[in-house]
Amino acid sequence: PRNLANYNTVALNILRNVGSGITTISNTGVVNYNVFEDNQIYTCRGYGMAIAGHDNKISNNTVSQCQSHGIWVQEERNLVIGNRVLENSQVAINNSHGIVVSGTNNLVVGNHSGSPATVAGQQGYGIYVSAVNNTVALNNTRNNSINGLFIDPSVIGSTIFFQNAGYAGDVTTGTVEKWPGING
């Protein structure tokens, strides 16, 4: 039978004071070929978005003040583009990493993870990549407490990173360089 959790669009939702914002766990396993766009997720006790599946599009979402990762991509061939994982008012935001990529062959482009110069950013990394064969480009990190962009040493050399910008104390790890002025 067809998995009804595939080929859906989840868009234009505002979620506040929830356990986790949007998660893609089904009784038949991971979910695939979905679109998650233009959602706003604030003050959640778990993940902002935990996407376990392949060939999903996660775009133009805003995630703030979650107790765990802002956006967590767990499988392969997902497109993560134009999301804002950021502050809300004058408080620290997500208590873990902004965007976590633990699957392979994902494209992570044009995201913002962190905050303006006067507000604390993520309590962990702005963007954390722990899997091989991903492309991470044109992202902007600011004021994250550990690193703006962290690449697990085991994936350096097999993942493409270019024109990512880190500001205001963000430190990049591995062979990645800061590119001031990109997506500023």
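For clarity, every value in this text was computed on a predicted model and none was experimentally measured.

Parameters at a glance
- Residues numbered from 1 in each chain as written.
- Predicted model: local features only at pLDDT ≥ 70, side-chain atom pairs only at ≥ 80, totals over all residues.
- Heavy atoms only, no water.
- Pairing = 2+ DSSP bridges.
- Helix = DSSP H or I, 4+ residues; strand = E, 2+ residues; numbered from the N terminus.
- Axes fitted to C-alpha atoms, helices over the stretch in contact; angles between N-to-C directions.
- pLDDT = per-residue confidence, 0-100.
- Contact = heavy atoms within 4.5 Å.
- Buried < 20%, exposed > 50% of the residue type's maximum accessible area, 1.4 Å probe, protein only.
- Disulfide = S-S within 2.5 Å.
- Salt bridge = Lys/Arg side-chain N within 4 Å of Asp/Glu carboxyl O.
- Polar contact = N/O pair within 3.5 Å; in protein donor to acceptor, adjacent residues only side chain to side chain.

Chemist: Would you take a moment to explain the sheet that holds strand E9 (residues 57-59) for this structure?
Modeler: Read across the open sheet, the seven strands follow the order E1-E6-E9-E12-E15-E18-E21; overall the sheet is parallel. The open sheet has two free edges, formed respectively by strand E1 (9-11) and strand E21 (160-162), since each of these has just one partner strand. Adjacent strand axes in the sheet meet at a mean angle of 5°, parallel and antiparallel pairs treated alike.

Chemist: What is the right way to read the confidence of the model for the protein chain from this model?
Modeler: Close inspection of predicted coordinates is inappropriate for parts of the model with low pLDDT. Considering every residue of the protein chain, the mean pLDDT works out to 77; 74% of them sit at 70 or more. Counting contacts from residues 87-92, a segment whose pLDDT is below 50, to residues more than four positions away or on other chains yields 19 contacts. pLDDT under 50 marks residues 169-184. Its contacts with residues more than four places away, or in other chains, come to 42 contacts.

Chemist: In this structure, what is going on with the side chain of Asn39? I would like to understand it.
Modeler: Tracing the sequence through the fold places Asn39 in the loop between strand E6 (35-37) and strand E7 (40-44). Residue Asn39 is classed as buried on the basis of its relative accessible area, which comes to 1%.

Chemist: I would appreciate a short explanation of the sheet that holds strand E3 (residues 22-23) in the present structure.
Modeler: Ordered by their spatial adjacency, six strands build an open sheet running E3-E8-E11-E14-E17-E20, and the pairing between neighbours is parallel. Of all the strands in the sheet, just E3 and strand E20 (149-151) have a single pairing partner and so form its edges. As defined by bridge partners, strand E17 (residues 127-129) adjoins E20 across three bridges and the pair is classed as parallel. Opposite Ile127, over in E20, you have Leu149 as the bridge partner.

Chemist: Which parts of the structure should I look at to understand unusual backbone geometry?
Modeler: A negative phi holds for most residues other than glycine; trans holds for most peptide bonds. Backbone geometry places Asp55, a non-glycine residue, at a positive phi of 60°. Position of Asp55 relative to the elements: it lies in the loop between strand E8 (49-51) and E9. At Asn60, a position not held by glycine, the phi torsion is positive, near 55°. Mapped onto the secondary structure, Asn60 falls in the loop between E9 and strand E10 (62-66). A residue is classified by how much of its surface remains accessible, and Asn60, at 43% relative accessible area, is partly exposed.

Chemist: Got a minute to help me understand the state of the cysteines in this structure?
Modeler: Any covalent bond linking the sulfur atoms of two cysteines counts as a disulfide. Tallying each qualifying case throughout the model produces one disulfide. The disulfide that involves Cys44 links it to Cys66, with 2.2 Å between the sulfurs. Because the sign of the S-S torsion sets the handedness, a value of about 105° for the bond joining Cys44 and Cys66 places this disulfide among the right-handed ones. A residue pair is termed long-range when its members are at least 10 positions apart, and Cys44 in strand E7 and Cys66 in strand E10 qualify at 22 residues.

Chemist: How should I be thinking about the pattern of salt bridges in this particular structure?
Modeler: Opposite charge on two side chains lets them pair, provided their charged atoms get close. Tallied over the full model, the rule gives two salt bridges. Ionic pairing is found between Asp55 and Arg77, a salt bridge with its closest N-O pair at 2.9 Å. Taken together, the residues span a long stretch of sequence, with Asp55 in the loop between E8 and E9 and Arg77 in the loop between strand E11 (71-73) and strand E12 (79-81) at a distance of 22 residues. Linking Arg77 and Glu76 is a salt bridge whose minimum nitrogen-to-oxygen distance equals 2.8 Å.

Chemist: Looking at this model, I keep getting lost on the side chain of Asn56. Mind explaining?
Modeler: Turning to its location among the elements, Asn56 is positioned in the loop between E8 and E9. A distance of 2.7 Å separates a polar side-chain atom of Asn56 from the backbone nitrogen of Asn34. Non-local contacts of Asn56, meaning those with residues more than four positions away in its chain, are made with Val31, Asn32, Tyr33, Asn34, Phe36, Ile51, Arg77, Asn78 and Leu79.

Chemist: Help me understand the environment of Leu149, please; the structure alone is not making it clear to me.
Modeler: Mapped onto the fold, Leu149 is located in strand E20. For the pair Leu149 and Tyr125, spaced 24 residues apart in sequence, the C-alpha to C-alpha distance is 6.3 Å.

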